[in-house]
Amino acid sequence: MKKLVAFAVVLTLLSSCGKKDRGELVGAKGKKWFPEKPYGMTLIPGGSFIMGKSDYDIAQTQNAPTKTVTVRSFYMDETEITNSEYRQFVNWVRDSIVYTKLAILADELGEVPGGGGIGEFAFKDADTADLSAYEKYMLDNYAGLGETGYEGRRINREMDLNWNTEDYPDEYYTEVMDSLYLPLEESYNGQRTIDVTRLKFQYTWMDIEAAARAKKGRRKDFLRKEELEIYPDTTVWIKDFSYSYNEPMHNDYFSHEAYGEYPVVGVSWKQAKAFCAWRQLYKNAYQKSRKKQFVNGFRLPTEAEWEYAARGGLESGTYPWGGPYLMNDRGCFMANFKPLRGDYAADESLYTVEAKSFEPNDYNLYNMAGNVSEWTNSSYDQGSYEYVSSMNPNASANSNMRKVIRGGSWKDVAYFLQVSSRDFEYADSARSYIGFRTVQDYMGTDVTQQ
């Protein structure tokens, strides 16, 4: 028996000699990683700054005392998320629902590809021989259809959807498509209108803060599942203004291509969070198809990150462009806001303007003042500056529905355009003057500035 043990030890030693590490402690090596700048984003180098009011608090809110804080590096969208970009999200959810419904009906009818009908949209994993148990487990139904019993089945997105009624391949396809539209008695002017309440997105996230503070508990105890309608509330153009005619904005602002490059509005804080989750999902689906490493998550900026980015590296500036003035040397306003009482057009714009308008700040960020206020990931507390950390500060509380908005909007006076001004709105509310932009954490710590 001793001879067998000794022989096994010798074999182990000989086998280790053939490895490239030569028996040394070189560390576990993964795939080579190369940083990739996210599309439409700019890198904000981490650093410290004085957060809060740097001059007289004219509104006497006393909610932003000066405090030196430090934030890490991150990427940030150069512009507010546009109608066109948000429509990509809405269309993806819409198509996902249709693909899923078509696949389920094809499965129930026993239809398979090759017949030219609904069978062409059958689940791609009808033959599950090449689908591992792990892949089945990881697949999820992101369309908000609730429990279908078909979770873990891969839908066929390679087939193009036909939206022209004349091109519907069979009566079963017609049945699925008709279920997405409002009934005839709710339509008018001969238009077929999609029932936007059916456009739901569901995703799962982990409450890391709760998990870190819990004394015990399994991982599943801190997983949170969200399901919500994601279509913008276009009625905000009516509800936000009494005795005012804004029906053209209600009818066309989100859906018409004329406003494609304008910032999306009518989106609640919860919907903005859902967009961030979808953006990560969408990007990582591409990464997986190319066998590349997954990207880390997109999210809303913290209040401190937003203010740091808005300042553009300028110390003690009142606005993103620096000084306390609102016009340039040619007498033109430098942002979209309400300059005078009742005069929304003095800055040459009535409502919003295109997301890439006016001059960007020194971080190449557009409209960090005016146009639309922007959701942040921080909860609003008037005294939060007194207790938040000086490193990556963030007052985040799931129970606090008041969420910080920053930057001011097209209907606000100049005070709200100041980089230090704070305001809030409730997380489930949507407004005609609130939009958002997203950020992504920078992997590494070597990009900082003094």
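Residues numbered from 1 in each chain as written. Predicted model: local features only at pLDDT ≥ 70, side-chain atom pairs only at ≥ 80, totals over all residues. Heavy atoms only, no water.

S.K.: Sorry if this is basic, but what is going on with the overall build of the protein chain here?
M.R.: Across its full length, the protein chain carries nine helices and 12 strands. For the protein chain, the C-alpha atoms occupy an extent of roughly 90 × 70 × 40 Å along the three principal directions. Taking all 450 residues of the protein chain together, 43% fall into the buried category. Within the protein chain, counting contacts between residues at least 6 apart in sequence, those at least 24 apart form 71% of the total. If you average the places of the 53 positive and of the 64 negative side-chain charges in the protein chain, the two averages end up 11 Å apart. (Helix = DSSP H or I, 4+ residues; strand = E, 2+ residues; numbered from the N terminus. Buried < 20%, exposed > 50% of the residue type's maximum accessible area, 1.4 Å probe, protein only. Contact = heavy atoms within 4.5 Å. Lys, Arg positive; Asp, Glu negative; His and termini not counted. Charge placed at Lys NZ, Arg CZ, Asp CG, Glu CD.)

S.K.: In this structure, what is going on with the pairing of strand β4 (residues 74–77)? I would like to understand it.
M.R.: Here is the key point about a regular strand: its side chains alternate between the two faces of the sheet. Of the two faces of β4, the one carrying Phe74 and Met76 and the one carrying Tyr75 and Asp77 are both buried. Sheet analysis places strand β1 (residues 41–44) next to β4, joined by four bridges and oriented antiparallel. Its bridge partner lying in β4, Thr42 is registered against Met76. Across three bridges, β4 lies against strand β12 (residues 439–441) in antiparallel orientation. Across the sheet, residue Tyr75 finds its bridge partner in β12, namely Gln440. (Pairing = 2+ DSSP bridges.)

S.K.: What should I look at first to understand helix α2 (residues 83–109) in this one?
M.R.: If you check α2, its first and last C-alpha atoms are 38 Å apart, about what 27 residues at 1.5 Å a residue would give, namely 39 Å. Judged by how many residues are buried, α2 sits mostly within the fold: 19 of 27 residues are covered. Two residues or fewer after α2 comes Gly110, characterised by a positive phi angle close to 75°. (Expected span 1.5 Å × (residues − 1).)

S.K.: Teacher, can you tell me more about the side chain of Ser432 here?
M.R.: Along the polypeptide, Ser432 turns up in the loop between β10 (423–426) and β11 (434–435). Here Ser432 falls in the buried class, since its relative accessible area comes to 0%. Residue contacts for Ser432: discarding those within four places in its chain leaves Val236, Trp237, Asp240, Phe241, Val265 and Trp410.

S.K.: How should the pairing of strand β8 (residues 373–379) be read in this particular structure?
M.R.: Extensive coverage of β8 is indicated by the burial of seven of its seven residues. Here β8 pairs with β11 via two bridges, running parallel. Following the sheet pairing, Glu374 is matched in β11 by Gly435. Pairing of β8 with strand β9 (residues 402–406), which is carried by three bridges, proceeds in the antiparallel orientation. Within β9, the position partnered with Glu374 by the bridge is Arg406.

S.K.: Help me understand the sheet that holds β4 in this model?
M.R.: Hydrogen bonding along the main chain pairs the strands of a sheet, whether they run parallel or antiparallel. Across the sheet, which stays open at both edges, the four strands sit in the order β1-β4-β12-β7 with antiparallel pairing between neighbours. The open sheet has two edge strands, β1 and β7 (298–299), and neither has a second partner. Against the sheet, helix α9 (residues 303–311) contacts β1, β4, β7 and β12, and its axis sits at roughly 75° relative to β4. (Axes fitted to C-alpha atoms, helices over the stretch in contact; angles between N-to-C directions.)

S.K.: Looking at this structure, I do not really get helix α8 (residues 269–289). What am I missing?
M.R.: Each full turn of the α-helix corresponds to 3.6 residues, which orients residues three or four apart in the same direction. Compared with the 30 Å implied by 1.5 Å per residue over 21 residues, the 31 Å span of α8 between its first and last C-alpha is a close match. Taken residue by residue, α8 has Trp269, Gln271, Ala272, Ala274, Phe275, Cys276, Trp278, Arg279, Asn284 and Gln287 as its buried positions. A positive phi of about 55° marks Lys291, the residue just after α8.

S.K.: Please explain the nonpolar core as it appears in this structure.
M.R.: Side chains of a nonpolar character, in soluble globular proteins, are inclined to be buried together. Ranked by size, the top nonpolar core spans 65 residues in total, and within it Tyr86, Phe89, Phe201, Ile230 and Phe436 carry the most contacts. When residues of this core are assigned to their parent elements, the largest contribution, 13 residues, is made by α2. Ignoring sequence-local partners within four residues, the contact set of Tyr86 consists of Ile81, Ile230, Pro232, Phe254, Val264, Val267, Gln271, Phe275 and Phe436. Met51, Ala64, Val71 and Ala310 belong to the second largest nonpolar core, which has 19 residues in total. (Core = buried A, V, L, I, M, F, W, Y, C linked by side-chain atoms within 4.5 Å.)

S.K.: Is there a simple way to explain the packing of α2 against α8 in this structure?
M.R.: Relative orientation and spacing of two packed helices are given, respectively, by the angle between their axes and the distance between those axes. Their axes nearest at 11 Å, the elements α2 and α8 cross at an angle of 75°. Regarding the angle of α2 to α8, the classification is roughly perpendicular. Here α2 contributes Glu85, Tyr86, Gln88, Phe89 and Trp92 to the contact with α8, which in turn contributes Gln271, Ala274, Phe275, Trp278, Leu281 and Tyr282. Residues of the contact of α2 with α8, tallied by class, amount to eight nonpolar, two polar and one charged. (Parallel < 35°, antiparallel > 145°, perpendicular 65-115°, else oblique. Nonpolar A, V, L, I, M, F, W, Y, C, P; charged D, E, K, R; others polar.)

S.K.: What is the right way to read the packing of α2 against helix α4 (residues 171–178) from this model?
M.R.: Closest axis-to-axis distance for the α2/α4 pair is 10 Å, and the angle between their directions is 140°. In terms of axis orientation, α2 runs oblique to α4. Crossing angle aside, the handedness with which α2 passes α4 is right-handed. On the side of α2, the interface is formed by Val98, Lys101, Leu102, Leu105 and Leu109, while α4 contributes Tyr172, Tyr173, Glu175, Val176 and Met177. (Left-handed = near helix turned anticlockwise from the far one by under 90°.)

S.K.: What's the story with the sheet that holds β9 in this structure? I'm lost.
M.R.: Strand order in the open sheet made by the four strands is β10-β9-β8-β11, with mixed pairing throughout. Edge positions in the open sheet fall to β10 and β11, since each of these has one partner strand only. The strands touched by α8 within the sheet are β8 and β9, with β8 carrying the most contacts at an inclination of about 85°.

S.K.: It is not clear to me how the packing of aromatic side chains should be interpreted in this structure. Could you clarify?
M.R.: The way to describe two aromatic rings as a pair is by their centre distance and the angle between their planes. The full count for this structure, using the stated rule, is 35 aromatic pairs. Centroid distance Phe89 to Trp278: 5.2 Å. Interplanar angle 35°. Geometry classified as tilted. Of this pair, Phe89 sits in helix α2 while Trp278 sits in helix α8, and the two are 189 residues apart along the sequence. Each member of the pair, Phe89 together with Trp278, is buried. Note on Phe424 and Tyr426: the rings are 6.0 Å apart at their centroids and 85° apart in plane angle, and the pair reads as edge-to-face. Given the relative accessible area of 41%, Tyr426 is considered partly exposed. A network of ring pairs unites the aromatic residues Tyr86, Phe89, Trp92, Phe201, Tyr203, Tyr231, Phe254, Phe275, Trp278, Tyr282 and Phe436 as a single cluster. Across from the ring centre of Phe424, 4.7 Å away, lies the NZ or CZ of Arg402, which sits over that ring. When the ring centre of Trp269 is taken as reference, the NZ or CZ atom of Lys403 above it lies at 4.4 Å. (Phe/Tyr/Trp six-rings, centres within 6.5 Å; stacked < 30°, edge-to-face > 60°. Lys NZ or Arg CZ within 6 Å of the ring centre and 35° of its normal.)

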